[in-house]
Amino acid sequence: MTELRVSHLKVHYGDLIGVSDVSLRVEAGSIVALLGSNGSGKTTTLNAIAGLVQPSGGSIEWRGETITRQPAYAIVAKGLALSPEGWRLFVSQTVEQNLRLGAAVLADKSRMAALFERVYAMFPRLTERRHQLAGTLSGGERQMLALGRALMSEPRLLMLDEPSLGLAPGVVEALYETLDRLHKEGLTLLLAEQSIPLALDIADYAYVLQTGRTVLEGKGADLEKNEQVQEIYLGIATQPGAGDTPRPT
Amino acid sequence: MLLAQVIVGGLLLGAIYALFSSGLTLIWGMMNFINFAHGEFVMLGMYVALLVVVWLGGGPATFGFAAAFALFVLGVIVYASLIRHVMRGPMLAQILSTFGLALLLRYTAFWIFSANFVSLPQVSLSGTLNVGGILMPVPQLVAGVAAIALTLGLHLLLTRTTVGSQLLAVAEDRNAAMLMGIRPDRMQALAWGLAAGSAGIAGALMAVSYPWSPSVGETFGLTAFVVVTLGGFGSVPGAMYAGLIIGLIQALSAYWLGPIYKDIVVYALFAALLWLRPQGLMGKA
Ligand SMILES: Nc1ncnc2c1ncn2[C@@H]1O[C@H](COP(=O)(O)OP(=O)(O)O)[C@@H](O)[C@H]1O
Ligand SMILES: [Mg+2]
């Protein structure tokens, strides 16, 4: 079943173009990667889906309902959460307060205790630091808190905008293991990343963005083998070689 | 002994400054917005207290609560009908909007209540308490203690409760707060309600001991601005310390130099402070 469908999304920042034509689909229970170099439109796309920026064209459908111009606070209440680029933690509040803020949309507040328990079990480091200000955490701990905070709303689909940005390689690997585990527990993921290998490893399906358009899509494994991806994505020409050719969109 | 009494009196008045200034600092911290009508909220709180006492009777708890409630509602209305719209406009529109509001409220009060000074009819609070030789009028004592308790209460509301945390989240990062499902407009309306409500109850507490006219709002607005600058914009604890300090400075300068000098000394020190430490005493550089 298609959870999320974005069709011909267009976003303007004043006179500037954020994205000009982005289309993508996310199936229930899958991991979808949104790849592209810096400035290709990943953040704009995710922010538009989450309701932080208003699209100037195209449509966004969530579980059959058009949510194109709904405000962000209404969208997260529908089970579609975004952990934004740069994490955007509330640095002047404690770890525990940040997690509680993540649960602001919970209709059933009696779930709160169980959710806290789940996040603290997943990230014991956060348990130790629960009364510390989020601003005092290390990069890896901030990532844990950002992920934990997003999970506190019990999303059906979680969008992560460059979760590995600025993290040490070991920390990134741990993060991807966690994402894999969450996926196996039933969470659907839409993941924007610049670093292809890890994202493609984990993704069932991927879209490649270039200057505000989805230019390529395919199964994660297929795209990984494809040199066109390297070319478009890194802007480096590679030797023509073997590999399945994902279809251009 | 007289000096000790002057000091206590200054601190008790300073406690009320702290209370209404914490409202001004909350709005600043919440949305980088200076409300030039804040002193008028205090003034209206005084008149609400008067009306309640005259019409309904009742003690300080009754008219204090009534003033807080009435001004809370007014604060929410002002936010929803005026501030929400001008926030999207240019800076000048934001400044002029609350200047205009201040004039509107002040002259409406002139129109309804006249320019004459009034005071609360004798309320249940009276008498003097003698603590180790220091004479403390009971009305000021009760008002001062209540003001500090309410200021601390506001601080605890912001730092210890879920709704306070959501309010501060909007102040810190509006978009991130929206991603949590928090509605910034509701939180800002609440902040305006709390700010005006604390001004209103501060006015009611002040009305217990001091006569006033509609023009007092101007003085209180200026005092609040001095307190907030001294305490650091956006800091409730800062406003609390600074309020007490300003009350103390006023009392001491009135005692040593004469009553007419109390405001001059405060503003002179304020100007010197702005020159030396623009971020305020407790503000971050
Ligand atoms: N707030 C903004 N104002 C103006 N232009 C923006 C803004 N945010 C992004 N852009 C532009 O939109 C395009 C897409 O940016 P973005 O979505 O941030 O890409 P990515 O996340 O893939 O790096 C870029 O050309 C960028 O300069
Ligand atoms: Mg980005």
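Residues numbered from 1 in each chain as written. Chains lettered and ligands numbered in written order. Predicted model: local features only at pLDDT ≥ 70, side-chain atom pairs only at ≥ 80, totals over all residues. Heavy atoms only, no water.

Caption draft 1: Broad picture of the overall build of chain A. Secondary structure assignment for chain A yields ten helices and ten strands. The C-alpha radius of gyration of chain A comes to 18 Å, within 12% of the 18 Å expected for a compact globule of 249 residues. Here chain A holds 249 residues, and the buried ones make up 53% of them. Contacts in chain A between residues far apart in sequence, at least 24 positions, make up 64% of those at least 6 positions apart. Carbon and sulfur atoms make up 51% of the accessible area of chain A, which totals about 10,600 Å². The averaged location of the 28 negative side-chain charges in chain A is 6 Å from the averaged location of its 24 positive side-chain charges. (Helix = DSSP H or I, 4+ residues; strand = E, 2+ residues; numbered from the N terminus. Rg over C-alpha atoms; globule rule 2.2 N^0.38 Å. Buried < 20%, exposed > 50% of the residue type's maximum accessible area, 1.4 Å probe, protein only. Contact = heavy atoms within 4.5 Å. Areas by Shrake-Rupley, 256 points an atom, 1.4 Å probe, with all protein chains shown as cover. Lys, Arg positive; Asp, Glu negative; His and termini not counted. Charge placed at Lys NZ, Arg CZ, Asp CG, Glu CD.)

Caption draft 2: How the structure looks around the coordination of the magnesium ion (ligand 2). Within the protein, T43(A) (OG1) and E85(A) (OE) serve as the donor atoms for the magnesium ion (ligand 2), at 2.0 to 2.3 Å. Here E85(A) lies in the loop between β6 (80-83) and α3 (95-102) and T43(A) lies in helix α1 (residues 42-50), a separation of 42 residues in the sequence. (Donors = N, O, S within 2.8 Å, 3.2 Å for Na, K, Ca; no water.)

Caption draft 3: Representation of the packing of helix α6 (residues 162-172) of chain B against helix α8 (residues 184-207) of chain B. Residue and element names in this part refer to chain B. Viewed as axis vectors pointing N to C, α6 and α8 meet at an angle of 110°, and their least axial separation amounts to 9 Å. Looking at the two axes, α6 sits roughly perpendicular to α8. Of the residues in α8, those touching α6 at V163, Q166, L167 and V170 are P184, M187, Q188, L190 and A191. Classifying every residue of the contact of α6 with α8 by side-chain character gives seven nonpolar, two polar and no charged. (Axes fitted to C-alpha atoms, helices over the stretch in contact; angles between N-to-C directions. Parallel < 35°, antiparallel > 145°, perpendicular 65-115°, else oblique. Nonpolar A, V, L, I, M, F, W, Y, C, P; charged D, E, K, R; others polar.)

Caption draft 4: Region of interest: the side chain of N47(A). All names here are of chain A. Checked against the element boundaries, N47 lands in helix α1. With a relative accessible area of 14%, N47 lands in the buried category. With residues near it in sequence (within four places) discarded, N47 still touches L52, V53 and L82.

Caption draft 5: Quick peek at the pairing of strand β3 (residues 31-35) of chain A. All names here are of chain A. Most of β3 sits inside the fold, with five of its five residues counted as buried. Burial of β3 is two-sided: the residues I31, A33 and L35 facing one way and the residues V32 and L34 facing the other way are all buried. Pairing of β3 with strand β8 (residues 188-193) involves five bridges; the strand directions are parallel. If you follow V32 over to β8, its bridge partner there is L190. Sheet analysis places β3 next to strand β9 (residues 205-210), joined by four bridges and oriented parallel. Residue pairing across strands places L35 opposite V208, the latter belonging to β9. (Pairing = 2+ DSSP bridges.)

Caption draft 6: Up close: the nonpolar core. Core analysis: the biggest nonpolar cluster contains 116 residues, and L4(A), L190(A) and F20(B) have the highest contact counts within it. Counting residues per element, this core draws most heavily on α8(B), which supplies 14 residues. When sequence neighbours within four positions are dropped, the list of residues in contact with L190(A) reads L4(A), L24(A), V26(A), V32(A), L46(A), I49(A), L157(A), L158(A), M159(A) and L160(A). Core analysis: the second largest hydrophobic core is formed by 50 residues, V76(A), L106(A), M152(A) and V208(A) among them. (Core = buried A, V, L, I, M, F, W, Y, C linked by side-chain atoms within 4.5 Å.)

Caption draft 7: Focus on the interface of chain B and chain A. Tallying the contact residues gives 18 residues for chain B and 20 residues for chain A. Interface of chain B and chain A: buried area, both sides summed, is about 1,700 Å²; carbon and sulfur atoms make up 61% of it. It is E172(B), L179(B) and M180(B) in chain B that bury the most area against chain A; as a group they hold 42% of the surface buried on that side. Taken together, chain B and chain A are joined by one salt bridge. D173(B) serves as the salt-bridge partner of R88(A), at 2.6 Å between the closest nitrogen and oxygen. At the boundary of chain B with chain A, the tally comes to six residue pairs in polar contact (both at pLDDT 80 or more). Those elements giving two or more residues to the side of chain B that touches chain A turn out to be α6 and α7 (174-179) of chain B. Broken down by element, the side of chain B that touches chain A gets its largest block of residues, six residues, from α6(B). Residue classes in the side of chain B that touches chain A are distributed as nine nonpolar, six polar and three charged. (Buried area = accessible area lost by both parts, 1.4 Å probe. Salt bridge = Lys/Arg side-chain N within 4 Å of Asp/Glu carboxyl O. Polar contact = N/O pair within 3.5 Å; in protein donor to acceptor, adjacent residues only side chain to side chain.)

Caption draft 8: Highlighting the pattern of salt bridges. All names here are of chain A. Evaluated as defined, the whole model comprises 16 salt bridges over all chains. Measuring nitrogen to oxygen at the nearest pair gives 2.7 Å for the salt bridge that ties E154 to R111. You can see E154 sitting in the loop between α6 (139-151) and β7 (157-161) and its partner R111 sitting in the loop between α3 and α4 (112-122), a full 43 residues away along the chain. Since its relative accessible area comes to 35%, E154 is described here as partly exposed.

Caption draft 9: Geometry of the site of ligand 1. Residue and element names in this part refer to chain A. All residues in the neighbourhood of ligand 1 are listed as Y13, L16, I17, G18, S37, N38, G39, S40, G41, K42, T43 and T44. A distance of 2.5 Å separates an oxygen atom of ligand 1 from a polar side-chain atom of T44. When ligand 1 sits alone it has 560 Å² of accessible area, and the protein chains cover 63% of it. Sorting the residues of the shell around ligand 1 by element identifies β2 (16-27) and α1 as the ones contributing at least two each. Across the shell around ligand 1, the residue classes break down as three nonpolar, eight polar and one charged. (Near = heavy atom within 4 Å.)

Caption draft 10: Fine view of the environment of N35(B). Residues and elements named next belong to chain B. Within the element layout of this structure, N35 appears in the loop between α1 (2-31) and α2 (38-55). If we skip the residues at most four places from it in the chain, N35 touches L24, F41, T98 and W192. A polar atom in the side chain of N35 sits 2.9 Å from the backbone nitrogen of A37.

Caption draft 11: Representation of unusual backbone geometry. Residue and element names in this part refer to chain A. Although it is not a glycine, R88 adopts a positive phi angle of roughly 50°. Following the sequence through the fold, R88 ends up in the loop between β6 and α3. Even without glycine at this site, E154 takes up a positive phi of about 50°.

Caption draft 12: Highlighting the packing of aromatic side chains. Residue and element names in this part refer to chain B. Taken as a whole and assessed by the stated rule, the structure comprises 14 aromatic pairs over all chains. A centroid spacing of 5.0 Å and a plane angle of 55° characterise the contact between W28 and F233, whose relative ring orientation is tilted. One end of the pair, W28, is in helix α1; the other, F233, is in the loop between α9 (216-231) and α10 (236-257), with 205 residues separating them in the sequence. Judged by relative accessible area, which is 24%, W28 ranks as partly exposed. Look at F233 and you get partly exposed, because its relative accessible area is 32%. (Phe/Tyr/Trp six-rings, centres within 6.5 Å; stacked < 30°, edge-to-face > 60°.)

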